[in-house]
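# Inside the fold
Here are the chains, one letter per residue:
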Amino acid sequence: MPHPDFVGLVNSLQATAEAALGDLNAATASAARDGLLDEGRARQTAQRSLKLLTMLAEKTRGNLDFTEADLLTGAISALRTRLDS
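Residues numbered from 1 in each chain as written. Predicted model: local features only at pLDDT ≥ 70, side-chain atom pairs only at ≥ 80, totals over all residues. Heavy atoms only, no water.

## What about the overall build of the protein?
What counts is decided by this rule: Starting at the N terminus, helices and strands are each numbered in turn, a helix being any DSSP run of H or I of at least four residues and a strand any DSSP run of E of at least two. The buried label goes to any residue with under 20% of its type's maximum accessible area, the exposed label to any with over 50%, and the partly exposed label to all in between, with areas taken from a 1.4 Å probe on protein chains only.
A count of helical and extended segments in the protein gives 4 helices and 0 strands. Counting from the amino terminus, helix and strand elements in the protein follow one another as α-α-α-α. Looking at the protein residue by residue over its 85 residues, the buried ones come to 31%.

Structure, rendered in C-alpha cells:
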C-alpha cells in the first residue's frame, strides 16, 4: 500500500510544475496566454520540480512498492514530455 505522504509529495511536485507551465487551471493558463507569467521563470520552476522528482526516484530506487514507483515514474515522464515539447 502506498504511503500517503509519499503520494502527496509526488503529487505536490508535479502540480507545482504543471501550475508553473499554465496547465493546472484555467486562471493560470489564461495568465500565461496573456503574457502575465514570465515564461523563463515558469520553465525553471517546472525543471526544478522535475529534478527533485528525478532525485527522489534515484534515492528511493528499490524501496518503493509498485504503486509508488509507478506514480513517480508517471510524474517524471509526464513532466519530461511537457518540458520537451
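## Re the nonpolar core
Inside soluble globular proteins, nonpolar side chains tend to come together where they are buried. The condition that has to hold: Buried residues of nine kinds, namely Ala, Val, Leu, Ile, Met, Phe, Trp, Tyr and Cys, make up a nonpolar core once their side-chain atoms join them within 4.5 Å. Note on contacts: a residue pair is in contact if any heavy atoms of the two residues lie within 4.5 Å.
Formed by 15 residues in total, the largest nonpolar core has its most connected members in Val 10, Leu 53, Leu 72 and Ile 76. Elements with a contribution of two residues or more to this core: α1 (4-20), α3 (39-60) and α4 (66-84). Among residues more than four places away in sequence, those in contact with Ile 76 are Leu 50, Leu 53, Thr 54 and Ala 57.

## Overview of the packing of α1 against α4
Relative placement of two packed helices is described by the angle separating their axes and the distance separating the axes. For clarity, the cut-off: To define axes, lines are fitted to C-alpha atoms, for helices over the stretch in contact only, and angles between the resulting N-to-C directions are given on a 0 to 180 degree scale. Put simply, angles under 35 degrees are roughly parallel, angles over 145 are roughly antiparallel, angles from 65 to 115 are roughly perpendicular, and the rest are oblique. Any residue that is not Ala, Val, Leu, Ile, Met, Phe, Trp, Tyr, Cys, Pro, Asp, Glu, Lys or Arg is counted as polar, Gly included; the first ten are nonpolar and the last four charged.
As a packed pair, α1 and α4 sit with axes 10 Å apart at the nearest point and diverge in direction by 5°. Here α1 lies roughly parallel to α4, going by the angle between them. In this structure, α1 contributes Phe 6, Val 7, Val 10, Asn 11, Gln 14, Ala 17 and Glu 18 to the contact, and α4 contributes Glu 68, Leu 71, Leu 72, Ala 75, Ala 78 and Leu 79. Residues that form the contact of α1 with α4 fall into these classes: 9 nonpolar, 2 polar and 2 charged.

## Here we look at α1
Heads up, the rule is: Helix span, as expected, comes to 1.5 Å for every residue beyond the first. Note that the arc is computed from the directions linking the helix axis to the C-beta atoms.
Along its 17 residues, α1 runs 24 Å from first to last C-alpha, staying within 8% of the 24 Å computed at 1.5 Å per residue. Taken residue by residue, α1 has Phe 6, Val 10, Leu 13, Gln 14, Ala 17 and Ala 20 as its buried positions. Around the axis of α1, the buried residues are gathered within 135° of arc, so they sit on the same side. Turned more than 90 degrees from where α1 packs its buried face, Pro 4 and Asp 5 sit exposed. With its phi angle positive at about 85°, Gly 22 sits one or two positions after the end of α1.

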